[in-house]
Amino acid sequence: MGDTTRQPVLEETLGDAPTTHAKLLAWVAEVSELTQPDSVYWVDGSEEEYARLTDHLVEAGTLQRLNPELFPNSFVGSSDPKDVARVEERTFICSEKEADAGFTNNWMDPAEMKAILRERFAGSMRGRTMYVIPFVMGPLDAEQPQFGVEITDSAYVVASMRIMARIGTDVLRKMEAEDAFFVPALHSVGAPLEPGEADVAWPCNEEKWIVHFPEERSIWSYGSGYGGNALLGKKCYALRIASVIARDEGWLAEHMLILKLTSPEGKAYNVAAAFPSACGKTNLALLDPTVEGWKAETLGDDINWMRIGKEGELRGVNPEYGLFGVAPGTGWGTNPNAMRAIAKGNSIFTNVALTDDGGVWWEGMTEEVPAHLTDWEGNDWTPDSGRPAAHPNSRFCTPISQIDMLAQEYYSPDGVEIHAILFGGRRKTTIPLVTQARSWTNGIFMGSTLSSETTAAASGAVGVVRRDPMAMLPFIGYNAGDYLKHWGTIEAKANPERLPKVFLVNWFRRTADGGFAWPGFGENSRVLKWAIERIEGTADAKETPIGYIPTGESIDLTGLDMTPEQVEEAVKVDPAEWKEELKGIEEWYARFGDALPAELAAELKQLQARFA
Ligand SMILES: Nc1nc2c(ncn2[C@@H]2O[C@H](COP(=O)(O)OP(=O)(O)OP(=O)(O)O)[C@@H](O)[C@H]2O)c(=O)[nH]1
Ligand SMILES: O=C([O-])CC(=O)C(=O)O
Ligand SMILES: [Mn+2]
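The rules behind each value
- In this convention, every chain numbers its residues from 1, walking through the sequence in written order.
- The lettering of chains begins at A and the numbering of ligands begins at 1, in the order of writing.
- With pLDDT at 70 or above as the cut-off, local features in this predicted model cover only qualifying residues; side-chain atom pairs require 80 or more to be listed or tallied, and sums for whole chains, interfaces and linings still use all residues.
- Side-chain numbers come from the whole structure's heavy atoms, not from hydrogens or water.
- Three labels apply to residues, based on accessible area from a 1.4 Å probe with only protein chains included: buried if under 20% of the type maximum, exposed if over 50%, partly exposed otherwise in between.
- The numbering of helices and of strands both runs from the N terminus, where a helix is a DSSP run of H or I of at least 4 residues and a strand a run of E of at least 2.
- Paired strands, in this sense, are two strands between which DSSP finds at least two bridges.
- The nearness test applies per residue and asks whether one of its heavy atoms lies within 4 Å of the molecule or strand.
- Polar contact is the term for a pair of N or O atoms within 3.5 Å; when the atoms are in protein, one must be able to donate a hydrogen and the other to accept it, and sequence-neighboring residues count only if both atoms are side-chain atoms.
- Two residues qualify as a contact provided that any one of their heavy atoms is within 4.5 Å of a heavy atom in the partner residue.
- Detection works on a 1 Å grid of protein atoms alone, calling trapped sets that fit a 1.4 Å probe cavities and calling open sets with protein on both sides within 12 Å along at least five of seven lines pockets, with lining residues defined by an atom within 4 Å of a point.
- Grid points are joined across faces, edges and corners, and a volume is the space filled by probe spheres set on the points.
- Basically, the charged four are Asp, Glu, Lys and Arg, the nonpolar ten are Ala, Val, Leu, Ile, Met, Phe, Trp, Tyr, Cys and Pro, and anything else, Gly included, counts as polar.
- Under the convention used here, a 1.4 Å probe and the Shrake-Rupley method define accessible areas, while residue burial counts only the protein chains that appear.

Asks: Kindly report on the pairing of strand 10 (residues 218-222), identifying the contributing residues and their values.
Replies: Where a strand is regular, its side chains alternate between the two sheet faces. The element strand 10 is largely enclosed, with a buried count of five among its five residues. The side-chain alternation of strand 10 yields two buried faces, one formed by Ser218, Trp220 and Tyr222 and the other by Ile219 and Ser221. Note: strand 8 (residues 182-188) against strand 10, four bridges, orientation parallel. Directly across from histidine 187, in strand 10, lies its bridge partner serine 221. Across five bridges, strand 9 (residues 209-213) lies against strand 10 in antiparallel orientation. Residue pairing for strand 10: isoleucine 210 is matched across the bridge by serine 221. In sequence, strand 9 turns back onto strand 10 through a hairpin of four residues, with arginine 217 there showing a positive phi of about 60°.

Asks: Can you explain the site of ligand 1? Please cite residues and give values.
Replies: As a matter of local geometry, ligand 1 sits amid 22 residues, with Ala278, Lys281, Thr282, Asn283 and Arg395 nearest to it. A distance of 3.0 Å separates an oxygen atom of ligand 1 from a polar atom in the side chain of asparagine 524. For the shell around ligand 1, the secondary structure elements donating two or more residues are helix 8 (281-285) and strand 17 (322-326).

Asks: Just give me the short version of unusual backbone geometry, but keep the residues and values in it.
Replies: Not every positive phi belongs to a glycine, and threonine 430 is a case in point at roughly 70°. The residue threonine 430 is located in the loop between strand 25 (420-424) and strand 26 (434-436) in this model. Taking the relative accessible area as the measure of exposure, threonine 430 reaches 3% and is therefore buried. Phi at phenylalanine 521 takes a positive value of approximately 50°, unusual for a residue other than glycine. Within the secondary structure, phenylalanine 521 sits in the loop between strand 29 (501-505) and helix 12 (524-536).

Asks: So, the environment of glycine 364: which residues are in play, and what are the values?
Replies: Along the chain, glycine 364 falls in the loop between strand 20 (360-361) and strand 21 (373-374). When neighbours within four sequence positions are excluded, glycine 364 is seen to be in contact with Gly329, Thr330 and Gly331.

Asks: How would you summarise empty space enclosed by the protein if you had to cite specific residues and measurements?
Replies: Tallying each qualifying case throughout the model produces three cavities of 30 Å³ or more. The volume enclosed by the largest cavity comes to roughly 180 Å³. Every residue lining the largest cavity is counted, 19 residues in all, and those nearest its centre are Ile431, Met446, Thr449, Leu504 and Trp578. Tallied by class, the residues present in the lining of the largest cavity amount to ten nonpolar, four polar and five charged. For the second largest cavity, the calculated volume is near 50 Å³. What lines the second largest cavity is simply Ile258, Leu299, Gly316, Val317, Asn318, Glu409, Tyr410, Ser412, Gly415 and Val416. Residues belonging to the lining of the second largest cavity are distributed by class as follows: five nonpolar, four polar and one charged.

Asks: Lay out the site of ligand 2 with the relevant residues and their values.
Replies: Surrounding ligand 2, one finds Arg86, Gly227, Gly228, Lys234, Lys235, Ser277, Phe324, Arg395 and Ala457. At 2.8 Å, a side-chain N or O of arginine 86 approaches an oxygen atom of ligand 2. Calculation on ligand 2 without its partners gives an accessible area of 260 Å², and the protein chains cover 98% of this total. Contributions of two or more residues to the shell around ligand 2 are made by helix 6 (227-230) and helix 7 (233-249). Per-class residue counts for the shell around ligand 2 are two nonpolar, three polar and four charged.

Right, here's the structure in full:
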């Protein structure tokens, strides 16, 4: 990239370095000595820089520019077919003590792991540019801005990080002015180039390591260029490392969307919802309410940092700056708000199909399926090809500011008060459309036993039911038992009147004939209305062993072709199914051993007794 690069910042050239932050300079020098890049480039985050970067990515064959009349300033690229999702089996929490990682994480001794990683990173950036990306998760004017610096040898990562996080010179200036702590996040695709060797479109390594050192608050990611493995501000920092910081400081870093709802009377409520990957967060965050008189506005679609406010209320902030959404199933029919945001351009698409007129397409985008496409692997595709045109975990990466329904409070460093918390998963049976928890502890029980069928968002088998506490199974940066205990401490710190009410939801239940028991998407606003009316004490409910479910009449069905009996079917608690479920929960809880909080063991006992 010629004039855009700088020589490695080594000890003797520190005088020319673009920052006075001594720790950052030292780290950049150390990494460049280890990884041996051709040059070091400090990312300023400007539009002009983005133009140069994307030009370079087009030249390198990583990205293609889309037809600007269809998608202005937008690009599409395909990853290596073996680098399409997060790799949970290659993800590690290297706490000093193994017990602090707990049974839900892979663990290795930090010194041993560092030795392995140093070997992998040694010379790993040879022939490449090393980019230094100063970033902040959450608003830069937050009381305590949460800084990070990602070092990467992937221009695709730089371009994507610019959409997903606040990056560049402003961040660097504030960081150095405060001589602030930052999370060092080191990333290499692990594909050094020998002199004269031609690059491939998507460099990566067969061997992948996604490693977190919680005590050091550092991240080392090797071998993958994809999403959650490589955009280190997202899952690695804002969930795994932040969950550890949150434990130590008394707050919560959660895998949740945040949605603001305003009732016909003009009263606003903020709902946070935790669903596992590819289970409907982005869709709910961009909800188009079908229920009359209600307004929805987006605050966040994936991550929610919650702190206790001055009046003992729980306040949530979305630390991200963009959407990294699942493309398939996102369409004009199901999620027009996402489609409108995407259509404004300024987006990077990964592993979607290409239309003949230079646009993108994926399954579910339009009702009409194009007669011809280039599929995500670059092959000709027609509707009778017998395979999806877009990869099931293909993604759109789009600035959050392009959402028309974005709430103004998104920009507020103090966030918003959270009034309700939803936990949800993808279950064909057993779990009702919606259940209200009896109490905060009962709500933690619901979250801790959350289960879902696995999706394409992580590599491995799809459709297997697994427990996913608070939808955080792959993201809890410490012992899962301690994590549940930490949730328990919130009750005592909060104002009891202001504690959010907790609900369990399941948009994915099936009827006997195999269809969805509930139409989902915009219609989910009817369920949210019920939940809010429960908070206000105005909606009817039926008490069951697992909590409160709606009566058939208590869900507003105006304008929807559905009967109260069908609602009852969608919310029914079937004792036979629950007998099986209780076995699953018992096995799950047994895995925590001594780390299981006593109050949750008691919750399970009480539930068993209610079914007996
Ligand atoms: N049946 C049904 N499907 C839904 C609903 N909401 C979302 N989906 C589908 O679920 C898939 C994933 O939805 P997303 O909203 O992208 O999931 P996510 O939780 O944001 O996923 P990540 O970004 O991976 O964390 C898409 O294929 C959607 O079409 C719903 O209410 N009902
Ligand atoms: O992290 C990623 O690659 C994408 C994502 O949001 C998830 O899988 O939950
Ligand atoms: Mn999402």
